[in-house]
Amino acid sequence: MNRPSKLASAIKFGLIASVSTSAITVSTAAYAEEEAKVERIAVTGSRIQRQDMETASPVTVIDAATIKAEGFTSVDQMLQAQTSMAGAAVGSSTNNGADGVAQVDLRGMGSQRTLVLLNGRRMVNSGSGADSAVDLNSIPVAMIARVEILKDGASAVYGSDAIAGVVNIITKKDFEGFQIDVTGGMTDKSDGENGEISALYGFNTDTGNYTFGAAYSERRGVIQSDRDWTDPGASSFIPNGSLGGMVKDDSGNWVDREESYDYTQDSFYQTPSKRYSLFANMTQELGDDLVLTGDILYTKRKSNQQLAPQPANLDLDVCEAGVVSDSCIELDDDMIAAGIEANDKGQVNYRKRMNDVGPRIYTQDTDTLRVSAGLAGSIDVNTGMDWDLSYTYGKNKAETAVENSINATLMTNAIYAGQDTNTYPGGNPWLTGQPMTDQDLLNSVAYTEEADGGNEQHVISAGISGELFDLDAGAVAFAMGAEYRYESGYYNPDPIVVAGESTAAQQDPTDGNYNVISVFQEVSVPFTDKLTGEFALRFDDYSTFGNASTWKIGLTYEATDDLMIRTVAATGFRAPSVSELYGGNSGSFDYLDDPWGNEQDPQILVIRTSDEDLQPEESESYTAGLVYSPSYVDGLSLTVDYWRFKVQNAIARMDTQNGLNNCYAGDQAACEAFNIGPDGDLSNLTNSLTNVGYQDTSGIDFNLAYSFEALNLDWTVANDTTYLLNFEQDGVDYTNIIDGNFGAYAQVRNNFSIKAGQDDWSVMYFNRYIGEMDDLGAGTKVDAVLYHNVSASYYINDTWMLSAGVKNLTDEEPSTVSNGSDGGTVPEVYDTIGRQYFAGVTVKF
């Protein structure tokens with residue numbers, strides 16, 4: 001076998017040490033030992049076992065030391081800090097609609113288009129039920145050895161969902177000894193406390209290794225209004241209620257509503273959560289050239305969010321003149337004099353913020369289990385022909401609740417009954433404009449909304465790999481195999497919600513499943529000593545829509561000992577998920593501007609529909625770049641990669657705001673597509689899933705990694721830049737745009753780090769830059785932001801290690817966004833809780 005070249009070694013070093021959040025020091029001696037070993041390794045993005053990490057695909061590697069140095073307490077925080085991320089992936093800062101889930105959004109193309117693997121195998125989708133992406137909360141930081149981010153399309157290798165790339169989380173294995181880690185942190189405002197305690201135990205036998213771990217983490221909340229920079233929320237739903245847009249003043253007169261409700265006093269910037277995890281890995285030799293491997297992971301998450309008290313929006317039937325009834329409301333002379341009247345449907349609108357009941361408290365209790373086992377061996381040791389067989393099982397179940405929900409039907413009837421002067425001599429308690437004191441009446445309309453859901457996955461995979469024959473430049477390597485996968489999901493909303501009797505949006509149950517049979521193959525051909533080709537082909541047959549074929553072609557060319565040129569062209573696809581196929585109708589209160597001015601509240605109900613006839617998305621991806629490691633500068637590695645992704649027949653909901661604007665401008669097709677009625681009637685505003693969407697995005701990634709010795713210290717410098725050239729979706733250009741509905745597509749994102757240290761200590765400075773963007777809602781500029789982090793670690797001895805740091809050292813405030821989803825900004829993009837301190841201790845025996 002050929003020994004890895006200097007450039008190949010530099011590539012491997014660059015992948016390991018030159019990540020955007022790099023804090024890794026690789027000693028010369030250790031690296032020389034690594035280079036001297038000639039063994040096959042698995043590289044994310046290929047099933048072919050290789051001697052080094054020299055592939056055509058750009059891969060970023062983040063190791064456990066980096067994660068610890070930066071003070072990350074969850075996988076999503078670490079991933080979303082990468083410059084290759086965009087959009088607004090839900091996570092700890094998402095208070096409305098995420099149900100405690102944390103996801104990754106590579107290139108801002110949607111979390112459902114980034115495939116998440118655990119040890120190279122699929123992870124079950126998880127969350128509240130019938131989910132389309134992996135909940136990263138189910139993977140504890142304590143079990144992570146490293147994370148590999150493949151930044152090109154990989155459907156030809158892994159199948160559906162790998163359109164934007166792959167995140168492969170590698171767990172700690174081959175561990176020997178006992179280790180306890182305790183970490184904790186809080187903001188400088190004495191809130192947002194978080195902590196984790198984990199234990200790891202492993203031992204070797206003559207023929208294997210067994211590693212076990214457990215972790216507990218807790219995160220406490222941060223209320224939005226506790227930050228002085230927060231823009232007060234302004235909702236038209238107010239505690240004293242309004243009828244026909246009018247409210248009663250302190251004198252009992254009906255007047256125009258001028259006040260609004262500040263919902264930031266009830267909402268979180270950081271949502272509370274508790275997680276309990278157990279995990280284990282094993283490797284056991286069963287005989288000559290036969291190895292059994294397995295891993296198991298169980299995580300329980302208990303999380304909650306809090307929103308302002310339920311906004312009740314009711315259309316009350318108006319009694320005919322002179323009619324008194326308990327099934328309609330009578331408009332008295334004072335109401336009529338104030339201009340309150342029935343609309344053309346004979347109804348009048350009533351709105352009330354239900355402060356008398358209390359804030360909405362969302363709770364989730366989720367359990368995720370994943371078990372994977374594999375058997376591998378050699379067909380012929382001399383030829384290097386290997387085989388493998390694996391089975392992976394995943395199951396997620398969740399119980400969710402919303403306390404202080406309101407039954408709209410019962411509340412409507414209660415308002416009608418409130419006209420009974422014998423029962424309520426002081427007037428209808430719903431219309432007095434004063435806090436309600438009748439607790440029994442409030443209890444009669446309030447309830448706790450309860451729902452349950454889950455996901456299940458079975459994957460059986462078999463493969464063979466090795467070397468086919470030798471060419472002058474080396475051996476032709478291959479991998480081929482077959483796979484069967486079964487996916488199912490369900491979600492059962494509360495019966496009151498299903499019946500449409502809640503003041504929350506109506507939602508139908510979800511229940512469905514599908515299976516897919518796949519065959520795949522890869523070939524690596526060394527055409528010359530300098531030029532290598534990589535070819536992959538995959539065929540998938542789905543029980544839902546039929547089949548799909550994808551391919552990938554990659555080339556690497558070692559132009560000199562210092563320079564390698566690489567390129568990849570690939571096709572990809574994403575199959576519609578269970579929720580997209582079988583989800584039924586559901587409602588969502590989106591942040592929108594009503595061009596007609598009929599809806600004053602920023603959150604407008606949108607009816608979302610699914611479709612059993614959805615077809616898969618199709619994609620094309622292209623990357624081209626170079627890796628440069630100059631021989632005249634030891635330890636320096638540079639990479640530059642151009643990338644482009646195009647998605648056709650995208651499964652997506654069209655831009656509702658754009659549809660409203662186009663309809664208002666006279667586009668009748670837009671009015672029909674979104675079910676917008678005459679004169680801007682949004683009572684049946686609908687956004688359907690379709691295959692008519694598309695995405696087209698491109699950009700340039702630049703990475704620099706430099707490791708050197710100076711001033712008797714070991715230094716590591718890294719810089720990672722992503723420059724977005726274009727992001728277009730469904731006819732709208734989002735390049736360098738930010739908005740509360742879809743997040744941020746900054747043209748420039750940059751991460752820089754520098755680390756210095758000796759054998760037993762190190763210090764690190766890291767900064768993260770998000771460039772200036774255009775505010776879609778206001779047409780103005782949103783300021784750039786630069787976050788500064790510092791950290792240090794010290795090994796007291798071989799047993800004890802201490803670490804500490806500060807995130808957002810200068811307490812940078814998030815940029816203001818006119819259509820911000822929370823607090824006047826976008827919490828998924830900017831740091832909304834301010835300066836944070838963290839510290840930890842590691843004890844290893």
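Cut-offs applied
For every chain, the first residue of the written sequence is number 1, and numbering continues from 1 along that sequence. Residue-level local features of this predicted model are given only where pLDDT is at least 70; pairs of side-chain atoms are given and counted only at 80 or more, and the full residue set underlies all totals for whole chains, interfaces and linings. Just so you know, side-chain values use all the structure's heavy atoms and leave hydrogens and water out. Relative accessible area decides the class of each residue, using a 1.4 Å probe on protein chains only: under 20% of the type maximum gives buried, over 50% gives exposed, and in between gives partly exposed. Segments assigned H or I by DSSP are reported as helices when at least four residues long, segments assigned E as strands when at least two residues long, and all are numbered from the N terminus. By the convention used here, residues are in contact when the closest approach between their heavy atoms is within 4.5 Å. Directions from the helix axis toward the C-beta atoms define the arc. Polar contacts here mean pairs of N or O atoms no more than 3.5 Å apart (in protein, one a potential hydrogen donor and the other a potential acceptor; neighbouring residues in sequence count only if both atoms are side-chain atoms). Should DSSP find at least two bridges between two strands, the strands are taken to pair. We define a nonpolar core as any set of buried Ala, Val, Leu, Ile, Met, Phe, Trp, Tyr and Cys residues linked to one another through side-chain atoms lying within 4.5 Å. Every residue is assigned a pLDDT by the predictor, reflecting its confidence on a scale from 0 to 100. Only residues whose relative accessible area exceeds 30% and that take part in no salt bridge are eligible for patches, with like-charged residues grouped when within 9 Å of each other and nonpolar side chains (Val, Leu, Ile, Met, Phe, Trp, Tyr) grouped when within 5 Å. Methods summary: accessible areas were calculated by the Shrake-Rupley approach with a probe of 1.4 Å, and residue burial reflects only the protein chains presented. Salt bridge, as used here: a side-chain nitrogen of Lys or Arg that lies within 4 Å of a carboxyl oxygen of Asp or Glu. The positive count covers Lys and Arg only, the negative count covers Asp and Glu only, and His and the chain ends enter neither. Charge positions are represented by NZ for Lys, CZ for Arg, CG for Asp and CD for Glu. The criterion for a disulfide is a pair of cysteine sulfur atoms lying within 2.5 Å. Put simply, two rings from Phe, Tyr or Trp (the six-membered ring, in Trp's case) pair if the centres are within 6.5 Å, and we call them stacked under 30 degrees between planes, edge-to-face over 60, tilted for the rest. A ring is scored as having a charge over it whenever the NZ atom of a lysine or the CZ atom of an arginine sits within 6 Å of its centre and within 35 degrees of its normal.

## Here's the deal with helix H7 (residues 408–417)
Then, in step 1: Residues Ala408, Met411, Thr412, Ala414, Ile415 and Tyr416 constitute the buried set of H7.
Then, in step 2: Close packing links the buried residues of H7 with strand S16 (311–317), strand S17 (347–353), strand S19 (385–406) and helix H8 (439–445).

## Quick look at helix H11 (residues 656–664)
Two residues of an α-helix separated by three or four positions point the same way, owing to the 3.6 residues in each turn.
Then, in step 1: Residues Thr656, Gln657, Gly659, Leu660 and Cys663 constitute the buried set of H11. Taken down its axis, H11 places every buried residue within 160° of arc, on the same side.
Then, in step 2: Here the buried face of H11 lies against strand S27 (603–609), helix H12 (668–673) and strand S30 (686–688).
Then, in step 3: Near the N-terminus of H11, the side chain that reaches the backbone nitrogen of Gln657, with its oxygen 3.0 Å away, is that of Asp655.

## Points about the sheet that holds strand S1 (residues 59–63)
Then, in step 1: What the 5 strands build is an open sheet, ordered S1-S4-S5-S2-S3; its pairing is mixed. Only two strands of the sheet have a single neighbouring strand rather than two, namely S1 and strand S3 (121–122).
Then, in step 2: Bridge count between strand S2 (residues 114–118) and S3: 2 bridges; the pairing is antiparallel. The partner of Leu118 across the bridge, within S3, is Arg121.

## Quick word on the nonpolar core
Then, in step 1: Counting 45 residues, the largest nonpolar core has Val75, Leu79, Ile139 and Ile169 as its most contacted members.
Then, in step 2: Residue assignment for this core shows that the elements contributing at least two residues are helix H4 (75–80), S2, strand S4 (144–150), strand S5 (165–171), strand S29 (636–652) and strand S32 (713–729).
Then, in step 3: The dominant element in this core, judged by the number of residues it contributes, is S29, at 4 residues.

## Observations regarding the sheet that holds strand S35 (residues 743–744)
Then, in step 1: Overall, mixed pairing links the 4 strands, which are arranged S35-S34-S38-S39 in an open sheet. Two strands lie at the open edges of the sheet, namely S35 and strand S39 (781–782), each paired on one side alone.
Then, in step 2: Pairing of strand S38 (residues 773–775) with S39, which is carried by 2 bridges, proceeds in the antiparallel orientation. Note that in S39 the partner of Met773 across the bridge is Val782.

## Considering the confidence of the model for the protein
Then, in step 1: In the predicted model, the protein carries a mean pLDDT of 91, and 94% of its residues have values of at least 70.
Then, in step 2: The low-confidence segment residues 1–38 (pLDDT under 50) makes 95 contacts with residues lying over four places distant or belonging to another chain.

## Topic: a negative patch on the surface
Then, in step 1: The grouping of Glu330, Asp332, Asp333 and Asp334 at the surface amounts to a negative patch.
Then, in step 2: Residue placement: Asp332 occurs in the loop between S16 and helix H6 (333–337).
Then, in step 3: On the basis of relative accessible area, Asp332 is assigned to the partly exposed category, the value being 34%.

## Regarding unusual backbone geometry
Then, in step 1: For Asn675, which is not glycine, the phi dihedral falls at a positive 55°.
Then, in step 2: Its place among the elements puts Asn675 in the loop between H12 and S30.
Then, in step 3: Look at Asn808: it is not a glycine, yet its phi comes out positive at around 55°.
Then, in step 4: Along the chain, Asn808 falls in the loop between strand S41 (800–807) and strand S42 (836–844).
Then, in step 5: Judged by its relative accessible area of 2%, Asn808 falls in the buried class.

## A closer look at the state of the cysteines
Then, in step 1: With the rule as written, the count across this model stands at 2 disulfides.
Then, in step 2: Residue pairing for Cys319: its cysteine sulfur links by disulfide to Cys328, the two sulfurs lying 1.9 Å apart. With the S-S dihedral at roughly 105°, the linkage between Cys319 and Cys328 falls on the right-handed side. Each of the two residues, Cys319 as well as Cys328, counts as buried.
Then, in step 3: Each sulfur in the disulfide pair Cys663 and Cys671 lies 2.0 Å from the other. Linking Cys663 and Cys671, the disulfide has an S-S dihedral of approximately 100° and is accordingly described as right-handed.

## A closer look at the packing of aromatic side chains
Then, in step 1: Tallying each qualifying case throughout the model produces 18 aromatic pairs.
Then, in step 2: When the ring of Tyr542 is compared with that of Phe573, the centres are 5.9 Å apart and the planes differ by 85°; the resulting orientation is edge-to-face. Remark: Phe573 occurs in strand S25 (residues 563–574) and Tyr542 occurs in strand S23 (residues 531–542); sequence separation between them is 31 residues.
Then, in step 3: Under the relative-accessibility criterion, Phe573 is labelled buried at 2%.
Then, in step 4: An aromatic cluster is present here, built from Tyr514, Tyr542, Phe545 and Phe573 joined pairwise through their rings.
Then, in step 5: Over the ring of Phe520 we find Arg47, and its NZ or CZ is 4.1 Å from the ring centre.
Then, in step 6: Over the ring of Trp643 we find Arg107, and its NZ or CZ is 3.9 Å from the ring centre.

## Looking at the pairing of strand S8 (residues 208–219)
Then, in step 1: Looking at chain direction, strand S7 (residues 194–204) and S8 are connected through 11 bridges and run antiparallel. Bridging from a neighbouring strand, Gly195 pairs with Glu218 of S8.
Then, in step 2: Hairpin connection, S7 to S8: the antiparallel pair is bridged by 3 residues.
Then, in step 3: Note that S8 and strand S14 (residues 273–287) share 12 bridges and pair antiparallel. Along S14, the bridge assignment pairs Gly213 with Phe279.

## Focus on a nonpolar patch on the surface
Then, in step 1: Side chains of Tyr557, Ile565, Leu626, Val640, Ile700, Tyr723 and Leu725 sit close together on the surface and give an oily, nonpolar patch of about 520 Å² of accessible area.
Then, in step 2: In this structure, Tyr723 sits in strand S32.
Then, in step 3: By relative accessible area, Tyr723 is classed as partly exposed at 35%.

## Some words on the environment of Gly208
Then, in step 1: The residue Gly208 is located in strand S8 in this model.
Then, in step 2: Those residues in contact with Gly208, other than ones at most four positions away along the chain, are Phe203, Thr283 and Gln284.

## With respect to the environment of Asp655
Then, in step 1: Tracing the chain through its elements places Asp655 in the loop between S29 and H11.
Then, in step 2: Take Asp655: its relative accessible area is 22%, and that puts it in the partly exposed class.
Then, in step 3: Separated by 86 residues in the primary sequence, Asp655 and Asn741 place their C-alpha atoms 9.4 Å from one another.
Then, in step 4: In contact with Asp655, other than residues within four places in its own chain, are Phe674 and Tyr734.
Then, in step 5: Polar side-chain contacts of Asp655 include one of 3.0 Å to the backbone nitrogen of Asn658.

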